[in-house]
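The primary structure of each chain is shown beneath.
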Amino acid sequence: MRLGKSTLTSSIIGHLRKMELEIAVLAIDPSSPFTGGAILGDRVRMQEHATDPGVFIRSMATRGHLGGLSLATPEAVRLLHAIGRQWILVETVGVGQVEVEVAGKADTTVVVVNPGWGDSVQANKAGLMEIADVFVINKADRKGVEETRRDLMQMLDLSDLPHESWRPPIVTTVGLTGEGVSDLWDAVLAHREYAESSGQLLERRTFRLREELREIVAQRLGQRARKICSGERWDELTGSVVSRKIDPWTAADEMLVAVDA
Ligand SMILES: Nc1nc2c(ncn2[C@@H]2O[C@H](COP(=O)(O)OP(=O)(O)O)[C@@H](O)[C@H]2O)c(=O)[nH]1
Ligand SMILES: [Mg+2]
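Read on for a plain summary of the structure. These figures come from a predicted structure and were not determined experimentally.

About the thresholds
- Residues numbered from 1 in each chain as written.
- Chains lettered and ligands numbered in written order.
- Predicted model: local features only at pLDDT ≥ 70, side-chain atom pairs only at ≥ 80, totals over all residues.
- Heavy atoms only, no water.
- Salt bridge = Lys/Arg side-chain N within 4 Å of Asp/Glu carboxyl O.
- Helix = DSSP H or I, 4+ residues; strand = E, 2+ residues; numbered from the N terminus.
- Pairing = 2+ DSSP bridges.
- Axes fitted to C-alpha atoms, helices over the stretch in contact; angles between N-to-C directions.
- Contact = heavy atoms within 4.5 Å.

**With respect to the pattern of salt bridges**
Between side chains of opposite charge, a pair can form as their charged atoms come close. In total, this model carries 13 salt bridges according to the counting rule given. The partner of Asp107 in a salt bridge is Arg192, with the nearest N and O atoms 3.7 Å apart. Taken as a pair, Asp107 in the loop between strand S3 (87-91) and strand S4 (110-113) and Arg192 in helix H6 (residues 181-198) lie far apart in primary sequence, 85 residues in all. The structure contains a network of salt bridges with shared partners spanning Asp107, Arg192, Glu196, Arg205 and Arg208.

Structure below.
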(Lines give C-alpha, C1' and ligand atoms only; values in the text may rest on other atoms or scores of the structure.)
(Ligands and ions follow the chains in the order given, each with its own letter.)
Protein backbone atom coordinates (compact mmCIF):
# COMPACT_ATOMS: atom_id res chain seq x y z
CA MET A 1 0.00 0.00 0.00
CA ARG A 2 1.25 3.43 -0.87
CA LEU A 3 1.21 4.85 2.61
CA GLY A 4 4.09 7.20 1.96
CA LYS A 5 6.65 5.00 3.69
CA SER A 6 9.49 5.74 1.28
CA THR A 7 8.74 9.45 1.33
CA LEU A 8 8.68 9.39 5.12
CA THR A 9 11.89 7.38 5.23
CA SER A 10 13.52 9.98 3.06
CA SER A 11 12.45 12.69 5.51
CA ILE A 12 13.78 10.66 8.44
CA ILE A 13 17.10 10.32 6.62
CA GLY A 14 17.22 14.09 6.30
CA HIS A 15 16.51 14.47 10.00
CA LEU A 16 19.23 12.02 11.01
CA ARG A 17 21.78 13.47 8.62
CA LYS A 18 21.32 16.87 10.20
CA MET A 19 22.64 15.23 13.36
CA GLU A 20 25.45 13.75 11.28
CA LEU A 21 24.45 10.19 12.06
CA GLU A 22 25.58 7.53 9.62
CA ILE A 23 22.68 5.42 8.47
CA ALA A 24 21.52 2.72 6.13
CA VAL A 25 18.17 1.97 4.55
CA LEU A 26 16.99 -1.41 3.37
CA ALA A 27 13.86 -1.21 1.25
CA ILE A 28 12.00 -4.47 1.13
CA ASP A 29 9.06 -4.06 -1.18
CA PRO A 30 7.89 -7.04 -3.13
CA SER A 31 4.80 -5.23 -4.35
CA SER A 32 6.04 -5.40 -7.90
CA PRO A 33 8.57 -8.20 -7.89
CA PHE A 34 8.56 -8.65 -11.63
CA THR A 35 8.64 -5.15 -12.99
CA GLY A 36 10.91 -3.78 -10.29
CA GLY A 37 8.80 -0.64 -10.54
CA ALA A 38 8.46 -0.06 -6.83
CA ILE A 39 12.16 -0.50 -6.34
CA LEU A 40 13.02 2.06 -8.98
CA GLY A 41 10.46 4.38 -7.42
CA ASP A 42 12.10 4.12 -4.02
CA ARG A 43 15.49 4.91 -5.53
CA VAL A 44 14.13 7.98 -7.22
CA ARG A 45 12.37 9.08 -4.04
CA MET A 46 15.52 8.80 -2.02
CA GLN A 47 17.67 10.29 -4.72
CA GLU A 48 18.38 13.44 -2.77
CA HIS A 49 20.48 11.23 -0.47
CA ALA A 50 22.01 9.12 -3.23
CA THR A 51 25.34 10.92 -3.34
CA ASP A 52 25.69 11.25 0.43
CA PRO A 53 28.30 8.76 1.71
CA GLY A 54 26.64 8.89 5.13
CA VAL A 55 23.57 7.20 3.67
CA PHE A 56 23.60 3.69 2.28
CA ILE A 57 20.42 2.67 0.45
CA ARG A 58 19.68 -0.74 -0.98
CA SER A 59 16.53 -2.33 -2.26
CA MET A 60 16.22 -5.99 -1.45
CA ALA A 61 14.19 -7.54 -4.22
CA THR A 62 12.32 -10.68 -3.42
CA ARG A 63 11.47 -11.81 -6.94
CA GLY A 64 8.87 -14.07 -5.51
CA HIS A 65 11.23 -15.89 -3.18
CA LEU A 66 9.92 -14.58 0.09
CA GLY A 67 11.61 -17.18 2.21
CA GLY A 68 15.03 -15.91 1.19
CA LEU A 69 14.51 -12.53 2.75
CA SER A 70 14.14 -13.79 6.28
CA LEU A 71 17.77 -14.86 6.19
CA ALA A 72 19.11 -12.18 3.87
CA THR A 73 17.72 -9.30 5.91
CA PRO A 74 19.39 -10.05 9.27
CA GLU A 75 22.62 -10.81 7.43
CA ALA A 76 22.50 -7.42 5.71
CA VAL A 77 21.66 -5.68 8.99
CA ARG A 78 24.60 -7.36 10.70
CA LEU A 79 26.94 -6.28 7.96
CA LEU A 80 25.72 -2.70 8.04
CA HIS A 81 26.08 -2.67 11.80
CA ALA A 82 29.61 -4.04 11.50
CA ILE A 83 30.69 -1.24 9.18
CA GLY A 84 29.48 1.24 11.76
CA ARG A 85 26.08 2.40 10.59
CA GLN A 86 24.42 3.92 13.65
CA TRP A 87 20.86 3.45 12.49
CA ILE A 88 19.46 0.95 10.05
CA LEU A 89 16.00 1.68 8.71
CA VAL A 90 14.11 -1.18 7.12
CA GLU A 91 11.11 -0.29 5.00
CA THR A 92 8.73 -3.18 4.52
CA VAL A 93 5.20 -3.61 3.29
CA GLY A 94 2.39 -3.90 5.77
CA VAL A 95 1.05 -6.75 7.80
CA GLY A 96 -1.25 -8.91 5.77
CA GLN A 97 0.78 -8.25 2.69
CA VAL A 98 3.25 -11.07 2.37
CA GLU A 99 6.29 -9.94 4.28
CA VAL A 100 4.96 -10.51 7.77
CA GLU A 101 8.02 -12.40 8.85
CA VAL A 102 10.19 -9.34 8.24
CA ALA A 103 7.75 -6.90 9.80
CA GLY A 104 7.90 -6.84 13.55
CA LYS A 105 11.42 -8.12 13.73
CA ALA A 106 13.15 -4.83 14.20
CA ASP A 107 14.26 -3.41 17.54
CA THR A 108 11.58 -0.79 17.06
CA THR A 109 8.69 -1.16 14.64
CA VAL A 110 6.91 1.92 13.33
CA VAL A 111 3.53 1.21 11.79
CA VAL A 112 2.40 3.75 9.19
CA VAL A 113 -1.26 4.42 8.54
CA ASN A 114 -3.06 7.15 6.62
CA PRO A 115 -6.06 9.29 7.57
CA GLY A 116 -9.25 7.41 6.85
CA TRP A 117 -7.53 4.05 6.88
CA GLY A 118 -10.91 2.62 7.84
CA ASP A 119 -12.12 -0.64 6.45
CA SER A 120 -9.33 -1.42 4.06
CA VAL A 121 -7.17 -2.79 6.84
CA GLN A 122 -9.97 -3.96 9.11
CA ALA A 123 -8.86 -7.56 9.09
CA ASN A 124 -5.27 -6.64 9.79
CA LYS A 125 -5.78 -4.22 12.62
CA ALA A 126 -5.14 -6.79 15.30
CA GLY A 127 -1.89 -7.72 13.59
CA LEU A 128 -0.84 -4.09 13.48
CA MET A 129 -1.55 -3.66 17.18
CA GLU A 130 0.65 -6.62 17.86
CA ILE A 131 3.74 -5.38 16.08
CA ALA A 132 3.54 -1.59 16.52
CA ASP A 133 5.90 0.15 18.92
CA VAL A 134 5.03 3.52 17.42
CA PHE A 135 2.07 4.50 15.25
CA VAL A 136 2.42 7.23 12.69
CA ILE A 137 -0.46 8.79 10.82
CA ASN A 138 1.31 9.91 7.67
CA LYS A 139 -0.25 12.17 5.01
CA ALA A 140 -1.60 14.23 7.90
CA ASP A 141 -2.23 17.04 5.42
CA ARG A 142 -5.32 15.05 4.44
CA LYS A 143 -8.74 14.93 6.07
CA GLY A 144 -9.58 12.49 8.83
CA VAL A 145 -6.50 12.65 11.06
CA GLU A 146 -8.47 13.02 14.30
CA GLU A 147 -10.87 10.18 13.45
CA THR A 148 -7.93 7.95 12.70
CA ARG A 149 -6.24 8.91 15.95
CA ARG A 150 -9.42 8.14 17.90
CA ASP A 151 -9.74 4.87 16.07
CA LEU A 152 -6.18 3.89 16.95
CA MET A 153 -6.58 4.93 20.59
CA GLN A 154 -9.70 2.87 20.87
CA MET A 155 -8.01 -0.14 19.37
CA LEU A 156 -5.11 0.29 21.78
CA ASP A 157 -7.54 0.51 24.70
CA LEU A 158 -9.24 -2.68 23.64
CA SER A 159 -6.22 -4.69 22.67
CA ASP A 160 -4.24 -6.93 24.91
CA LEU A 161 -0.95 -5.17 24.58
CA PRO A 162 1.81 -7.75 24.78
CA HIS A 163 4.09 -5.30 26.56
CA GLU A 164 1.91 -3.75 29.23
CA SER A 165 4.31 -1.07 30.22
CA TRP A 166 4.73 0.45 26.75
CA ARG A 167 1.76 1.99 25.06
CA PRO A 168 2.59 2.82 21.43
CA PRO A 169 2.43 6.60 20.98
CA ILE A 170 0.58 8.00 17.97
CA VAL A 171 2.49 10.59 15.95
CA THR A 172 1.29 12.54 12.92
CA THR A 173 3.55 13.38 9.97
CA VAL A 174 3.56 14.83 6.49
CA GLY A 175 6.26 12.86 4.79
CA LEU A 176 6.38 15.20 1.82
CA THR A 177 7.34 18.24 3.92
CA GLY A 178 9.01 16.58 6.88
CA GLU A 179 6.44 17.97 9.30
CA GLY A 180 6.27 15.87 12.47
CA VAL A 181 9.34 13.83 11.58
CA SER A 182 11.32 15.07 14.55
CA ASP A 183 8.43 14.02 16.85
CA LEU A 184 8.43 10.65 15.15
CA TRP A 185 12.12 10.22 15.77
CA ASP A 186 11.71 11.27 19.41
CA ALA A 187 9.08 8.55 19.77
CA VAL A 188 11.47 6.01 18.28
CA LEU A 189 14.18 7.07 20.71
CA ALA A 190 11.76 6.89 23.64
CA HIS A 191 10.84 3.36 22.68
CA ARG A 192 14.49 2.46 22.31
CA GLU A 193 15.18 3.74 25.81
CA TYR A 194 12.26 1.75 27.18
CA ALA A 195 13.33 -1.37 25.30
CA GLU A 196 16.84 -1.15 26.68
CA SER A 197 15.91 -0.53 30.28
CA SER A 198 13.05 -3.03 30.42
CA GLY A 199 14.97 -5.88 28.85
CA GLN A 200 12.65 -5.98 25.84
CA LEU A 201 15.50 -5.26 23.44
CA LEU A 202 17.56 -8.17 24.67
CA GLU A 203 14.50 -10.39 24.64
CA ARG A 204 13.68 -9.49 21.05
CA ARG A 205 17.21 -9.94 19.84
CA THR A 206 17.44 -13.31 21.52
CA PHE A 207 14.15 -14.37 19.99
CA ARG A 208 15.22 -13.18 16.53
CA LEU A 209 18.54 -14.96 16.68
CA ARG A 210 16.85 -18.17 17.77
CA GLU A 211 14.43 -17.94 14.86
CA GLU A 212 17.24 -17.23 12.46
CA LEU A 213 19.28 -20.12 13.75
CA ARG A 214 16.32 -22.44 13.48
CA GLU A 215 15.80 -21.38 9.91
CA ILE A 216 19.43 -21.92 8.99
CA VAL A 217 19.27 -25.40 10.50
CA ALA A 218 16.07 -26.10 8.54
CA GLN A 219 17.71 -24.89 5.35
CA ARG A 220 20.75 -27.06 5.93
CA LEU A 221 18.57 -30.06 6.66
CA GLY A 222 16.71 -29.37 3.42
CA GLN A 223 19.97 -29.41 1.51
CA ARG A 224 20.93 -32.63 3.22
CA ALA A 225 17.56 -34.16 2.41
CA ARG A 226 18.04 -33.40 -1.26
CA LYS A 227 21.42 -35.07 -1.15
CA ILE A 228 20.09 -38.12 0.67
CA CYS A 229 17.29 -38.59 -1.81
CA SER A 230 19.43 -39.95 -4.58
CA GLY A 231 21.56 -43.00 -5.31
CA GLU A 232 20.98 -46.72 -5.34
CA ARG A 233 19.05 -47.06 -2.12
CA TRP A 234 16.81 -44.21 -3.15
CA ASP A 235 16.06 -45.76 -6.57
CA GLU A 236 15.33 -49.05 -4.91
CA LEU A 237 12.92 -47.56 -2.38
CA THR A 238 11.24 -45.37 -4.97
CA GLY A 239 10.68 -48.49 -7.07
CA SER A 240 9.08 -50.23 -4.11
CA VAL A 241 6.76 -47.31 -3.55
CA VAL A 242 5.79 -47.18 -7.23
CA SER A 243 5.02 -50.88 -7.28
CA ARG A 244 3.11 -50.45 -4.02
CA LYS A 245 5.26 -52.84 -2.07
CA ILE A 246 5.64 -50.21 0.60
CA ASP A 247 4.02 -46.87 1.30
CA PRO A 248 5.91 -43.56 1.05
CA TRP A 249 6.03 -43.10 4.82
CA THR A 250 7.72 -46.39 5.37
CA ALA A 251 10.12 -45.68 2.53
CA ALA A 252 11.01 -42.30 4.03
CA ASP A 253 11.65 -43.89 7.42
CA GLU A 254 13.94 -46.42 5.79
CA MET A 255 15.89 -43.68 4.05
CA LEU A 256 16.31 -41.90 7.35
CA VAL A 257 17.32 -45.02 9.21
CA ALA A 258 20.08 -45.44 6.66
CA VAL A 259 21.22 -41.87 7.35
CA ASP A 260 21.00 -42.01 11.14
CA ALA A 261 22.95 -45.23 11.26
N1 LIG B 1 -0.58 14.18 0.57
C2 LIG B 1 0.50 13.51 0.90
N3 LIG B 1 1.02 12.61 0.03
C4 LIG B 1 2.14 11.93 0.40
C5 LIG B 1 2.76 12.11 1.65
N6 LIG B 1 3.82 11.27 1.74
C7 LIG B 1 3.86 10.60 0.57
N8 LIG B 1 2.85 11.01 -0.25
C9 LIG B 1 2.56 10.50 -1.60
O10 LIG B 1 2.08 9.17 -1.51
C11 LIG B 1 2.49 8.39 -2.65
C12 LIG B 1 3.18 7.13 -2.21
O13 LIG B 1 4.39 7.45 -1.56
P14 LIG B 1 5.53 6.39 -1.26
O15 LIG B 1 6.50 7.07 -0.37
O16 LIG B 1 6.05 5.78 -2.50
O17 LIG B 1 4.71 5.28 -0.47
P18 LIG B 1 5.14 3.80 -0.08
O19 LIG B 1 4.66 2.90 -1.14
O20 LIG B 1 4.45 3.53 1.22
O21 LIG B 1 6.64 3.77 0.05
C22 LIG B 1 3.39 9.31 -3.47
O23 LIG B 1 2.64 9.85 -4.52
C24 LIG B 1 3.79 10.38 -2.46
O25 LIG B 1 4.10 11.61 -3.07
C26 LIG B 1 2.17 13.07 2.56
O27 LIG B 1 2.63 13.27 3.69
N28 LIG B 1 1.06 13.72 2.12
MG1 LIG C 1 8.06 2.37 -0.74
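**Examining the sheet that holds strand S2 (residues 55-59)**
Through backbone hydrogen bonds, the strands of a sheet pair up, either in parallel or in antiparallel fashion. Taken in spatial order, the 3 strands of this open sheet run S2-S1-S3, and their pairing is parallel. Two strands close off the open sheet at either side, each with one partner strand: S2 and S3. Neighbouring strand axes in the sheet, compared pairwise and without regard to direction, differ in orientation by 15° on average. Where strand S1 (residues 23-27) lies against S3, 5 bridges are found, and the strand directions are parallel. Pairing of Val25 across the sheet is with Leu89, part of S3. The strands touched by helix H1 (residues 5-18) within the sheet are S1, S2 and S3, with S3 carrying the most contacts at an inclination of about 170°.

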